[in-house]
Amino acid sequence: MFFHFHRMRHPRFAYVAGPAGAAGVTHCEAAHIAVRAAFYSSIFPSNFSWVFASVVAAFLVLAAGRPAVAQALPPEVDAALARAKVPREAVAFWVSEVQGNAAPRLAHRSSASMNPASNMKLVTTIAALDLLGPAYTWSTPVYLGGAVQSGVLNGNLYIKGGGDPKLVMERLWLLLRRVQGLGIKTIAGDIVLDRSAFDLPDTDPARFDGEPLRPYNAAPDALLINYKSVVMTFTPDRAANVALVQYDPPLAGVSLPATLPLNPTAADCGDYRGALKADFSDPLRFRFAGSYPAVCGERVWPLAYADPRAFAARSIQGLWDTMGGKLSGSVRDGLVPAALLAGKPAVTGTSNVLADVIRDVNKFSNNVMAQQLFLTLGRVAANPPAISPGNLSATEGVADAKLPPASFAASRAVVQRWWRERLGDDAPLLDNGSGLSREERISALAMGRLLQAAYAAPFMPELMSSLPITGVDGTLRRIKTRTSGTAHLKTGSLSGVVALAGYVHALNGKRYVLVALINHPNAADARPALDALVDWAGRDL
């Protein structure tokens, strides 16, 4: 028996290519052998060959004669599917110990190719942890196109987007505050936004589901500001009989009502958004024809801006104005001149580390952040010098600025190649890496193998802490099961799709990988079946 052992630059996890299935060894089990081998080889490099051989031999003895058929669906899961009128042929389940050294507890249609919805974010975030590392950061460098004299920048101010997934208003304010810290109060030129780090076609935000104003439909951008969304905060002022409205970030050139009529007699908050009778179709004017129920107290409404291409310019100019800055020109798109790009930026904004970013991606299923991360893989991970040891982020934005532009095609190629080298066959069908897609596909078995390999990787703690906890936080905060607080699971939901994948800590102390994918028009009604599956996995005694 001959195995080929492949390792990439950082041996976070690896793959053993060979006769998976021989002597009862499944693909997921063969992958786990490789994971152990990579771990031991990093500790005992000189003894790797015998450690590897010992692991393989011991595993084959254990696996020999193992029955290949997993048990039927748990009765409570089967019953919940029946109540939802979802046939067994529309679901795929896989439950197995994280170590992969035993037959799966449950394997139902586990090789079927399914739409995973936001479970695809697991592929993106695990690939990012492995290829970029938990400490990777994004840079947003700022260049000065002239000298600063008496508080005036005599030239343009250039901001070069680097794909930061979380350049929210607070961090944009800090970046502009650092610009003011250079003594700049007035810009005698333009603010030029360089978005060339991403090579993406313009997209219609209504294309996916006809909901262009929902923040989950925001498109990625090399200079993504506040997820291309404005956050409206409504606060009742009973004395003045109005509701105060605050807009973050402020949008230059847009008419934004500061107050609304207050409805002091409404018995409950109900559909307060409907009661406002809002019209956001005109990007230059927000309108409210209704009133705000006083009983609601303070409420927050995030809204994707109707003209997403103009959002960065309007928000940057609006924030610069509110900070007391002056601008003689305009905020416009353009490129940083090559001569400036070759030098050192005046200031550089640095993102949160990747381990923090993926917490937002997974716990709150943030689509545009996931797509930013996916695009970064195609741009940075495809160019190894950009993430060489000791250079986990682009130094002062200069190295990153010289990388070729990102594209979804390049990212798909990088992740598929990574999958083949790390896990072998059964690579997923990728689109944008977020799961907001009708094209993306993966099998429950492939997702399970990925989670087993990630559990054995050095970055496992960062991945685990990024997943929602049942009944505690994220997208699982309101889910109440008998296993509340004991399962870390990524959710997925589209019209006709529900999914759940991650780790369940059972009563007997064992930890299981659980993957559940449902593709059916009644999928939303089958959520109780997923709850029942999690409870079943956690009750193993």
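Rules of the game
Residues numbered from 1 in each chain as written. Predicted model: local features only at pLDDT ≥ 70, side-chain atom pairs only at ≥ 80, totals over all residues. Heavy atoms only, no water. Helix = DSSP H or I, 4+ residues; strand = E, 2+ residues; numbered from the N terminus. Buried < 20%, exposed > 50% of the residue type's maximum accessible area, 1.4 Å probe, protein only. Contact = heavy atoms within 4.5 Å. Areas by Shrake-Rupley, 256 points an atom, 1.4 Å probe, with all protein chains shown as cover. Expected span 1.5 Å × (residues − 1). Salt bridge = Lys/Arg side-chain N within 4 Å of Asp/Glu carboxyl O. Pairing = 2+ DSSP bridges. Disulfide = S-S within 2.5 Å.

Visitor: Explanation requested: the overall build of the chain in the structure shown.
Guide: In terms of helices and strands, the chain carries 15 helices and 25 strands. Counting the 541 residues in the chain, one finds 54% classified as buried. Looking at the chain alone, contacts between residues at least 24 apart form 71% of all its contacts between residues at least 6 apart. Per element, the accessible surface of the chain, about 21600 Å² overall, is 55% carbon and sulfur.

Visitor: Would you take a moment to explain helix H7 (residues 308–322) for this structure?
Guide: Over its 15 residues, H7 runs 21 Å from end to end, which matches the ideal 21 Å to within 8%, given 1.5 Å per residue. Among all positions in H7, only Ala 310, Phe 311, Ala 312, Ala 313, Ser 315, Ile 316, Gly 318, Leu 319 and Trp 320 are buried. Of the residues one or two after H7, Gly 324 is the one with positive phi, at around 85°.

Visitor: Honestly, the pattern of salt bridges in this entry has me stumped. Any pointers?
Guide: Opposite charge on two side chains makes pairing possible when the charged atoms of those side chains draw close. In total, this model carries 17 salt bridges according to the counting rule given. Between Asp 78 and Arg 88 there is a salt bridge, with the nearest N and O atoms lying 2.7 Å from each other. Of the two residues, Asp 78 sits in helix H3 (residues 75–83) while Arg 88 sits in the loop between H3 and strand E3 (91–97), which places them ten residues apart along the sequence. The exposure class assigned to Asp 78 is partly exposed, which follows from its relative accessible area of 21%. A cluster of three or more residues bridged by salt bridges with shared partners is formed by Arg 195, Asp 221, Lys 228, Arg 309 and Asp 333.

Visitor: Any chance you could explain the pairing of strand E13 (residues 242–248) here in plain terms?
Guide: E13 sits mainly inside the fold: five of its seven residues count as buried. Taken together, strand E12 (residues 229–237) and the strand that follows it, E13, pair antiparallel across an intervening segment of four residues, in which Asn 241 is found at a positive phi of about 60°. Here E13 pairs with strand E14 (residues 259–263) via three bridges, running antiparallel. Note on E14: the bridge partner recorded for Ala 243 is Leu 260.

Visitor: What is the right way to look at unusual backbone geometry in this model?
Guide: Across residues other than glycine, the phi torsion is negative in most instances, and most of the peptide bonds are trans. Residue Pro 249 is reached from Asp 248 by a cis peptide bond, and omega for that bond is -5°. By the secondary structure assignment, Pro 249 is in the loop between E13 and E14. The backbone of Lys 85 shows a phi angle near 60°, a positive value even though the residue is not glycine. Structurally, Lys 85 is set in the loop between H3 and E3. A residue is classified by how much of its surface remains accessible, and Lys 85, at 66% relative accessible area, is exposed. Here the phi dihedral of Asn 241 falls at roughly 60°; this positive angle occurs in a residue that is not glycine. Tracing the backbone through its elements, the reader meets Asn 241 in the loop between E12 and E13. By relative accessible area, Asn 241 is classed as partly exposed at 39%.

Visitor: What should I look at first to understand the environment of Gly 492 in this one?
Guide: Counting through the fold element by element, Gly 492 comes out in strand E23 (residues 487–494). Take Gly 492: its relative accessible area is 3%, and that puts it in the buried class. Not counting the four nearest positions on each side in its chain, Gly 492 is found in contact with Pro 116, Ala 117, Ser 118, Asn 119, Val 497, Val 498 and Ala 499.

Visitor: Whenever I open this one, the sheet that holds strand E10 (residues 186–187) confuses me. Can you help?
Guide: Read from one edge to the other, the open sheet built from four strands follows the order E7-E8-E10-E19, with strand pairing classed as mixed. In this open sheet, the two edge strands, each paired with only one partner strand, are strand E7 (148–149) and strand E19 (326–327).

Visitor: Quick question: what am I supposed to make of the state of the cysteines here?
Guide: A covalent bond bridging the sulfur atoms of two cysteines is what the word disulfide describes. Counted by the stated rule, this structure contains one disulfide. For Cys 269, the disulfide goes to Cys 296, at an S-S distance of 2.0 Å. An S-S torsion of about 105° defines the bridge between Cys 269 and Cys 296 as right-handed. Taken as a pair, Cys 269 in the loop between E14 and helix H6 (272–276) and Cys 296 in the loop between strand E17 (292–293) and strand E18 (299–304) lie far apart in primary sequence, 27 residues in all. Residue Cys 269 shares its accessibility class with Cys 296, and that shared class is buried.

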